[in-house]
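Structural features, examined
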Amino acid sequence: MRILLTNDDGIHAPGLRALHNAVQSVGEVFVFAPTTEQSGVAHSITLLTPLRAHRLKTPGGLEGMAVDGAPVDCVRLAVKELVDPPPDVVISGINIGANEGLNAFYSGTVAGALEGGLLGVPSMAVSLEYTDSPHFDVAGEWTLRALDLLRRITSPRAPVLNVNIPALPAEKIKGLRITRQGLYGADEGYEHREDPRGGSYYWIRPDTDRSRAEPGDDVHALHEGYVTVTPLQRDLTDHDLLNSLRDLQGEGGAPA
Ligand code: MN
């Protein structure tokens, strides 16, 4: 198995090294990761400047391509140009900070996996709930279990999984749950602050309100202590609205 690794915390991030450690025994590993942290860049790409990449060995001993771009740039450059034949699997992570609920929309980690899927490669994003002392070795073990699940999926389209791991010691994790994406988690506003010259600036606040979590969604299961696996799709169409719009337009719901 040829495994492409990327992330959004950058090529020097400990989570990427942990991911590499976890998967190196199950396949041939290629690392394409951003030179600097790209958390929150979602599905952005480098369009207006040249995309530079150079081979790098980190002080932690990880070898790979450092790409001066976003996670999606990394995956595209690897799959379309530099990894030949293309990888069998893309894994993005291990991110520090969960990407559950609507956080998935903003996440560069999740975007890296979605890009793999768009390019026809089965992919998954792996994120570990934020903590000061992350158990990356535990997260690595759960990554392998999720990878096994990913490899067993039979689907006409390349599957994309969003995996989130609770920040708990191994024995406290209750198991793995297949979940749907929670539809909240992006409601917080900004903290207003003042700089030393009296000017205003704003800093986005994380949304920590889990009160709307429902059984069956990823936010709920993660905070119950389960590893969550949420299948993601590329279709952003609102199918209910599609039919309403067709009725409004007098198209009667028949597919055109
Ligand atoms: Mn990140």
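Above this note sits the structure.
In this text, all values refer to a predicted model and were calculated from it rather than measured experimentally. Within each chain, residues carry numbers counting from 1 in the order of the written sequence. Since the coordinates come from a predicted model, pLDDT governs what is reported: local features require at least 70, and pairs of side-chain atoms require 80 or more to be given and counted, while whole-chain, interface and lining totals use all residues. As a rule here, side-chain values come from all non-hydrogen atoms in the structure, and water together with hydrogens is ignored.

**Details of the coordination of the manganese ion**
Think of the donor list as every N, O and S atom within 2.8 Å of the metal, or within 3.2 Å for Na, K and Ca; water never makes the list, so a site can look incomplete. Looking at the metal site, the manganese ion is ligated by Asp8 (OD), Asp9 (OD), Ser39 (OG) and Asn95 (OD1), spaced 2.0 to 2.2 Å from it. Ordering the donors of the manganese ion by residue number gives the pattern D-D-x29-S-x55-N. Comparing Asp8 with Asp9, the two get one shared label, buried. Only protein chains enter the accessibility calculation, which uses a 1.4 Å probe. A residue is then buried if its area is under 20% of the maximum for its type, exposed if over 50%, and partly exposed in between.

**What about the pattern of salt bridges?**
Here a salt bridge means any side-chain nitrogen of Lys or Arg lying within 4 Å of a carboxyl oxygen belonging to Asp or Glu. All told, the structure shown has 7 salt bridges when counted by the stated rule. For Arg205, the salt bridge is made with Glu188, and the minimal N-O distance between the two is 3.2 Å. Residue Arg205 is found in the loop between strand 10 (200-204) and helix 6 (218-223), and its partner Glu188 is found in the loop between strand 8 (175-178) and strand 9 (190-194); the two are separated by 17 residues along the sequence. A relative accessible area of 31% means that Glu188 is categorised as partly exposed. Here Glu251 ties to Arg246 by a salt bridge, and the two come within 3.9 Å at their closest N and O atoms. Helical segments are the DSSP runs of H or I of at least four residues, strand segments are the runs of E of at least two, and each set is numbered from the N terminus.

**Focus: the nonpolar core**
Residue types Ala, Val, Leu, Ile, Met, Phe, Trp, Tyr and Cys, when buried and joined through side-chain atoms within 4.5 Å, form a set referred to as a nonpolar core. By size, the foremost hydrophobic cluster in this structure holds 32 residues, and its most contacted members are Leu5, Val23, Ile91, Ile94, Met124, Val163 and Ile165. Among the elements that line this core, the one with the most residues is helix 5 (residues 136-152), at 7 residues. Whether two residues are in contact is decided by their heavy atoms, any of which lying within 4.5 Å being enough. The residues contacting Met124, other than those within four sequence positions of it, are Val90, Ile91, Ser92, Ala113, Thr143, Ala146, Leu147, Leu150, Leu161 and Val163. The next biggest cluster of nonpolar side chains, apart from the first, holds 13 residues, and it includes Leu4, Phe30, Met65 and Ala78.

**Considering the sheet that holds strand 8**
The strands making up a sheet associate through backbone hydrogen bonding, with each pair oriented either parallel or antiparallel. Read from one edge to the other, the open sheet built from 9 strands follows the order 3-4-2-1-5-6-7-11-8, with strand pairing classed as mixed. Every interior strand has two partners, whereas the edge strands, strand 3 (53-57) and strand 8, have only one. Across the sheet, the mean angle separating the axes of adjacent strands is 25 degrees when strand polarity is ignored. Note: two strands are recorded as paired if DSSP finds a minimum of 2 bridges between them. Looking at chain direction, strand 1 (residues 2-6) and strand 2 (residues 28-34) are connected through 4 bridges and run parallel. Counted as the bridge partner of Arg2 is Glu28 from strand 2. Whenever a helix is involved, its axis is fitted only over the stretch in contact; in every case the axis is a line through C-alpha atoms, and angles between N-to-C directions fall within 0 to 180 degrees. Packed onto the sheet, helix 4 (residues 108-118) meets strand 1, strand 5 (89-96), strand 6 (123-128), strand 7 (160-165) and strand 11 (226-232) and runs at close to 170 degrees relative to strand 6.

**As for the side chain of Asn95**
By secondary structure assignment, the location of Asn95 is in strand 5. Whenever two N or O atoms come within 3.5 Å, that pair is a polar contact, provided that in protein one can donate a hydrogen and the other can accept it, and provided that, for residues adjacent in sequence, both atoms are side-chain atoms. A distance of 2.7 Å separates a polar atom in the side chain of Asn95 from the backbone oxygen of Gly97.

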